[in-house]
Amino acid sequence: MKLFIDTANIEEIKDAYSLGIVSGVTTNPSIIAREGKKFEDAIAEISAIVSPETLIFGEVISLEADKMVEEGRAINKIRPNMIVKIPTCKEGLKAVSILSKEGIKTCCTLCFSAGQALLASAAGASYVAPFVGRVDDIGWTGMELIQKIADMFAIQEAPTQIVAASTRNPIHVIDLALAGADVATVPYKVLMQMIDHPLTKSGLDKFLKDYEKIPK
Ligand code: E4P
């Protein structure tokens, strides 16, 4: 399972990217708004940090298919590995099917059911983004959704990849890997939580202390 970082914060992207563990950056309008920059400027700054192979996801904000298509084409032109995020709704599916026929890679976002994921794949989406955390938030089990989509895509040999989104903690990320998600997009804070372990810290402290005792 690949790891993407779910932020548009330059310092967070720089730090996570320097570890060599992330191969994509996902954004949505809320994430971009948090940085107080224009969408194009935020994407340009991210592009300057990451390698050309790194995927960057940018989301359309239009509600009609023809406008989504226009926006999607514009987003796709920003850089070669730009993925266009489009909501999984009637107009969104229409836009995805048009863009995918033009060879533009899309990601059906705001996916909350296996049925929506199946339709996203049928429309030609390269990626589908089911939201684990937001399903948990309403008292359902987000991970069951991911498991179902992963099983369904495996049986159908669907080419669409699952970018599991709305991850809130390290357990989510581990369970996503076990459920068969292709990608987990993870906030910076969760990536750091995955790295830190009190036994690693205390073990390192002891090794360094004992090293001082070795005759030099
Ligand atoms: C992906 O970019 C999604 O939009 C994002 O993971 C949603 O996360 P949230 O539910 O924590 O807002």
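Everything that follows concerns the structure shown earlier in this document.
From a predicted model like this one, the values you see are computed outputs, not experimental measurements. (Residues numbered from 1 in each chain as written. Predicted model: local features only at pLDDT ≥ 70, side-chain atom pairs only at ≥ 80, totals over all residues. Heavy atoms only, no water.)

A.B. asks: Can you help me understand the pattern of salt bridges in this one?
C.D. replies: Once their charged atoms are close, side chains differing in charge can pair, the charge on each being opposite to the other. Applying the stated criterion across every chain, the model contains 10 salt bridges. Across the pair Glu64 and Lys67 runs a salt bridge, and its minimum N-O distance is 3.3 Å. Note that Lys206 and Asp210 form a salt bridge whose closest N and O atoms lie 2.8 Å from each other. Remark: Asp210 and Lys206 occur in helix α11 (residues 198-213); sequence separation between them is four residues, near one turn of the helix. By relative accessible area, Asp210 is classed as partly exposed at 25%. Shared partners join several salt bridges into a network, and the residues in it are Lys206, Asp210 and Lys213. (Salt bridge = Lys/Arg side-chain N within 4 Å of Asp/Glu carboxyl O. Helix = DSSP H or I, 4+ residues; strand = E, 2+ residues; numbered from the N terminus. Buried < 20%, exposed > 50% of the residue type's maximum accessible area, 1.4 Å probe, protein only.)

A.B. asks: Quick question: what am I supposed to make of the pairing of strand β6 (residues 127-130) here?
C.D. replies: Across a regular strand the side chains alternate sides, sitting on one face of the sheet and then on the other. Taking every second residue as pointing to the same face, both faces of β6 are buried, with Tyr127 and Ala129 on one and Val128 and Pro130 on the other. Relative to β6, strand β5 (residues 106-111) is paired through three bridges, and the arrangement is parallel. Looking across to β6, one finds that Cys111 is bridged to Pro130. The parallel pair β5 and β6 is bridged by helix α6 (residues 114-123), and the resulting crossover is right-handed. Bridge count between β6 and strand β7 (residues 161-164): two bridges; the pairing is parallel. Bridging from a neighbouring strand, Val128 pairs with Ile162 of β7. (Pairing = 2+ DSSP bridges. Right-handed = clockwise from strand over helix to strand, strands pointing away.)

A.B. asks: Sorry if this is basic, but what is going on with the site of the ligand here?
C.D. replies: If you check the shell around the ligand, you find Asp6, Thr26, Asn28, Lys85, Phe131, Arg134, Ala165, Ser166 and Arg168 and nothing else. The side chain of Asn28 places a nitrogen or oxygen atom 2.6 Å from an oxygen atom of the ligand. At 3.0 Å from an oxygen atom of the ligand is found a side-chain nitrogen or oxygen belonging to Arg168. If the ligand stood free it would expose 340 Å²; the protein chains cover 85% of that surface. Counted by class, the shell around the ligand contains two nonpolar, three polar and four charged residues. (Near = heavy atom within 4 Å. Polar contact = N/O pair within 3.5 Å; in protein donor to acceptor, adjacent residues only side chain to side chain. Areas by Shrake-Rupley, 256 points an atom, 1.4 Å probe, with all protein chains shown as cover. Nonpolar A, V, L, I, M, F, W, Y, C, P; charged D, E, K, R; others polar.)

A.B. asks: Would you mind going over a nonpolar patch on the surface with me for this structure?
C.D. replies: Judged by side-chain polarity, Leu19, Ile21 and Ile195 come together as a nonpolar surface patch covering roughly 250 Å² of accessible area. Relative to the helices and strands, Leu19 is located in the loop between α1 (10-18) and β2 (24-26). Looking at Leu19, the relative accessible area reads 43%, which means it is partly exposed. (Patch = residues over 30% accessible without salt bridge, like charges linked within 9 Å, V, L, I, M, F, W, Y side chains within 5 Å.)

A.B. asks: Is there a simple way to explain the packing of α1 against helix α10 (residues 188-195) in this structure?
C.D. replies: Pairs of packed helices are described in terms of their axes, by the angle between the two and the distance that separates them. In contact at an axis separation of 10 Å, α1 and α10 are set at 35° when each is read in the N-to-C sense. Crossing of α1 against α10: the hand is left-handed. Packed against α1, whose contacting residues are Glu12, Asp15 and Ala16, the element α10 presents Tyr188, Leu191 and Met192 at the interface. Classifying every residue of the contact of α1 with α10 gives four nonpolar, no polar and two charged. (Axes fitted to C-alpha atoms, helices over the stretch in contact; angles between N-to-C directions. Left-handed = near helix turned anticlockwise from the far one by under 90°. Contact = heavy atoms within 4.5 Å.)

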